Structure formats: C-alpha cells, structure tokens
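# Working through the structure, step by step
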Amino acid sequence: RLGWWWGAATRVCLEQAEHCEKVCQEVGELIHSWAQLKDVLPKLKIVSPELVRDIEAFQQLHSGIRAGAATSELLELRHRSHAQSTIEDVRNRLSKLKRAAEG
C-alpha cells in the first residue's frame with residue numbers, strides 16, 4: 001500500500017517539476033525576446049512613433065506582478081492551462097510587435 005502511494009506522489013512531483021521547468025523556460029524566452037525588442041526602441045523613436053507607443057504600452061502592461069498572473073499561480077499544476085494560455089497570449093503580442101519593428 002505504501003509503495004502505491006509513494007509511486008503516485010513521485011509521479012505528481014515529477015509532473016510538477018516538469019511544468020515549472022517549462023513555464024520558467026518559456027518566461028526566459030519571453031524575457032530574451034523583450035530584450036531584443038527593447039534594444040531597437042531608440043532607433044524606432046525616429047522612424048515609427050506609433051510603434052514606440054505600442055511597445056511602451058506593452059511594457060507597462062506586462063512589467064511587474066499583476067493580479068491574475070501571480071508567479072505562484074502560474075507554477076501550480078492545477079492552473080497549467082491558464083499558465084499556458086497567459087504565456088501564449090504574451091508571446092503572440094510580443095511577436096507581433098517584433099515583426100512590426102523588423103518590417
């Protein structure tokens with residue numbers, strides 16, 4: 001009986017660790033993409049003031065801790081789908097801004 005419980009607990013811990021690793025990796029990729037976009041911001045101020053406003057709005061919206069996307073909540077296994085959709089939403093917005101900055 002203890003062996004079954006131990007195996008189940010181990011599986012849950014492993015699943016939690018894999019989820020945390022995936023979230024952290026994806027957030028790291030978002031931070032890297034943001035850094036690349038932020039590096040070109042001074043050049044864009046001359047060329048496209050509207051795009052700069054959009055980028056600055058993105059920065060204001062996604063900087064710091066905000067309600068509904070607390071780190072602990074994103075890392076909880078039971079909120080896995082919410083975490084994935086939140087990260088995907090930010091990734092899509094950031095990709096759109098990067099494409100606009102490159103084009």
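The text that follows walks through the structure, step by step, so that each part is easy to find. (Residues numbered from 1 in each chain as written. Predicted model: local features only at pLDDT ≥ 70, side-chain atom pairs only at ≥ 80, totals over all residues. Heavy atoms only, no water.)

## Description of the nonpolar core
Within the largest apolar cluster, 14 residues are counted, with the highest numbers of intra-cluster contacts made by Trp34, Leu37, Ile55, Phe58, Leu94 and Leu97. Counting residues per element, the ones that place at least two in this core are α1 (2-39), α2 (41-47), α3 (49-62) and α5 (80-102). (Core = buried A, V, L, I, M, F, W, Y, C linked by side-chain atoms within 4.5 Å. Buried < 20%, exposed > 50% of the residue type's maximum accessible area, 1.4 Å probe, protein only. Helix = DSSP H or I, 4+ residues; strand = E, 2+ residues; numbered from the N terminus.)

## Things to note about the pattern of salt bridges
For the structure shown, the criterion picks out five salt bridges. Across the salt bridge formed by Glu15 and Arg80, the nearest N and O atoms sit 3.0 Å from each other. With Glu15 in helix α1 and Arg80 in helix α5, this residue pair connects regions lying 65 residues apart in the sequence. In this structure Glu15 comes out as partly exposed when scored by relative accessible area, which is 33%. Using a relative accessible area of 38% as the deciding quantity, one classes Arg80 as partly exposed. One salt bridge connects Arg78 with Glu76, and the closest N-O pair in it is separated by 2.8 Å. Overall, the relative accessible area of 68% leaves Arg78 in the exposed class. Taking the relative accessible area as the measure of exposure, Glu76 reaches 28% and is therefore partly exposed. (Salt bridge = Lys/Arg side-chain N within 4 Å of Asp/Glu carboxyl O.)

## Side note on the environment of Glu56
Relative to the elements of secondary structure, Glu56 occurs in helix α3. The spatial distance from the C-alpha of Glu56 to the C-alpha of Leu77 is 32 Å, given a sequence separation of 21 residues.

## Describing α5
Residues lying three or four places apart along an α-helix face the same way, a consequence of the helix completing one turn every 3.6 residues. Between the first and last C-alpha of α5 there are 32 Å, a value that for 23 residues agrees with the 33 Å anticipated at 1.5 Å per step. Residues of α5 that are buried include every one of Ala83, Thr86, Ile87, Val90, Leu94, Leu97 and Lys98, and no others. (Expected span 1.5 Å × (residues − 1).)

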